[in-house]
Amino acid sequence: MSESISPFHDTDVLIVGAGIIGLAHAAEAVARGLSVRIIDRDARAVGASIRNFGHCCVTAQSGELLELATVAREGWLRHSKLAGFSSLASGGLAVARNSQEVAVLEELCASRGADQVQLITAAAAHDQLGGLGDAAIMAGALLRDDIRVDPREAVAKLANWLARSPQVTFSWQTSYFGTDDDGAQRSTVRTSRGSFRASRVIVCVGHDLDYVHPELAESFAVNRCALQMALVRPPASLRITPAVLTGTSMLRYPAFAETAAAAELKQELAAKSPELLAIDANLMLTQRPDGTLIIGDSHHTESTVDPFLSEDTQDTLLRAAAQLLGTGDLQVLQRWQGVYASSPHQNFLIKDVQANVSAVSVTSGIGMTISFGLARKTFDQLENAPVLSKIS
Ligand SMILES: Cc1cc2nc3c(=O)[nH]c(=O)nc-3n(C[C@H](O)[C@H](O)[C@H](O)COP(=O)(O)OP(=O)(O)OC[C@H]3O[C@@H](n4cnc5c(N)ncnc54)[C@H](O)[C@@H]3O)c2cc1C
């Protein structure tokens, strides 16, 4: 294959990775009038961005993450209209099945206000669960700002919508090898299909950051977090509009975890549900437009992920989900493993790795939640740095 570079290939921005983080950055670049090439080693996105719950978990974030999630929420709603994928601004539902969980929800309601975190009765929580639900449910909270998309539909349609823009070119099945700085405010990007030039390269390869920029991944101890998931057949005509969160979610998401009551909740779950803590579960579910339920998840962090799924882990999650729904055994339609980047030091990285090259990775499992907000932050930083010059 010729290594010659056609000027035709020059773009203002070249984005590596067509998961939600790469696509959100592409959408932001287009909105700023820039031309973009997006390259991905696969023929379509099949990474973390299509393997998740499709839950934009806005309300349970805090600090800067809440700010990014709030911007991302608007981005999801806007792009859902533009790209023609469904989105549900129907909020989240956190169910409380012990007094500690009730206390966490009450504390969050007191600090955020009842318009953002609305406490509801057990009966109202059962209504939200389509009339089903664990008999142990004591109360619940509606999380106003959470939204949901179907990840498989949303990511594919967002890519298709971007591909229709005259400012955007996709190069699928094209692997990124690295970038050479060739001066003159542009860089040459080496790929499995020849070279491309761009004035700014943004590397959004998720958990594969260590493959392309190992020194950056090492400096923030970025590892792979593997999660087991399942798609199950819903109990007859069940409709659940919000994303459903449970006590284990309250240990994970910052706005819950920062409450004083969360420490007692951890002790309670350690005593009563040790099997969930042993797999570092975040017991959650969301319903897809066809009615099927996405059930998850477990967490296991290491540098190279073991390819073998544990049936014990799957059983634990499915039993817990059946209990949450107050149903008998759930019929599994699909099982899969998802992987995301995880760092003990940072929730996300936006880092310059060489001249004209930034790496962006969400290292805390909330890439759907903050996607469009993070993209805006990246471009704001680039524009303030004056490193982003227009080619075309
Ligand atoms: C099971 C699971 C559940 C989750 N649930 C939620 C949730 O409900 N809400 C939420 O906010 N977040 C959730 N997350 C986290 C979220 O999915 C991720 O943070 C987000 O999808 C990361 O997006 P990404 O674009 O960085 O990575 P990815 O979607 O993995 O995309 C990276 C892309 O880079 C490409 N690539 C990699 N290397 C190269 C290379 N050398 N050359 C070319 N292309 C390359 C890959 O092919 C891939 O398409 C979940 C994650 C998992 C795994």
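Reading guide: rules and limits
- Residues numbered from 1 in each chain as written.
- Predicted model: local features only at pLDDT ≥ 70, side-chain atom pairs only at ≥ 80, totals over all residues.
- Heavy atoms only, no water.
- Helix = DSSP H or I, 4+ residues; strand = E, 2+ residues; numbered from the N terminus.
- Rg over C-alpha atoms; globule rule 2.2 N^0.38 Å.
- Buried < 20%, exposed > 50% of the residue type's maximum accessible area, 1.4 Å probe, protein only.
- Contact = heavy atoms within 4.5 Å.
- Areas by Shrake-Rupley, 256 points an atom, 1.4 Å probe, with all protein chains shown as cover.
- Salt bridge = Lys/Arg side-chain N within 4 Å of Asp/Glu carboxyl O.
- Domains from an automatic or database assignment.
- Buried area = accessible area lost by both parts, 1.4 Å probe.

Caption draft 1: Molecular detail of the overall build of the protein. In terms of regular secondary structure, the protein is built from 14 helices and 20 strands. The C-alpha atoms of the protein give 21 Å as radius of gyration, which agrees with the globular expectation for 392 residues (21 Å, within 12%). Here the C-alpha coordinates of the protein stretch approximately 65 × 45 × 40 Å along the principal axes. In the protein, which comprises 392 residues, the proportion classed as buried is 56%. Taking all contacts inside the protein whose residues are at least 6 apart in sequence as the whole, residues at least 24 apart take part in 75%. Total accessible area computed for the protein in this model is approximately 15900 Å², and 50% of it derives from carbon and sulfur atoms.

Caption draft 2: Layout of the pattern of salt bridges. Counting across every chain of the model gives 20 salt bridges. Salt-bridge contacts for Asp 42 lead to Arg 41; the nearest nitrogen and oxygen are separated by 3.9 Å. With a relative accessible area of 31%, Asp 42 lands in the partly exposed category. Taking the relative accessible area as the measure of exposure, Arg 41 reaches 47% and is therefore partly exposed. For Arg 288, the salt bridge goes to Asp 150, with nearest N and O atoms at 2.8 Å. On the criterion of sequence distance, the pair formed by Arg 288 in the loop between strand E15 (284-287) and strand E16 (293-296) and Asp 150 in the loop between strand E8 (147-149) and helix H6 (151-163) is long-range, its members being 138 residues apart.

Caption draft 3: The arrangement of the domain arrangement of the protein in detail. When the domains of the protein are assigned, the result is domain 1 (1-91 + 147-222 + 344-392) and domain 2 (92-144 + 223-342). A straight line from the C-alpha centre of domain 1 to that of domain 2 covers 29 Å. Each partner contributes to the interface: domain 1 provides 34 residues, whereas domain 2 provides 39 residues. Counting the surface lost from both domain 1 and domain 2, the interface buries some 2800 Å², and carbon and sulfur atoms represent 54% of this. The largest contributions to the domain 1 side of the interface with domain 2 come from Phe 53, Thr 59 and Arg 152, which together make up 26% of the buried area.

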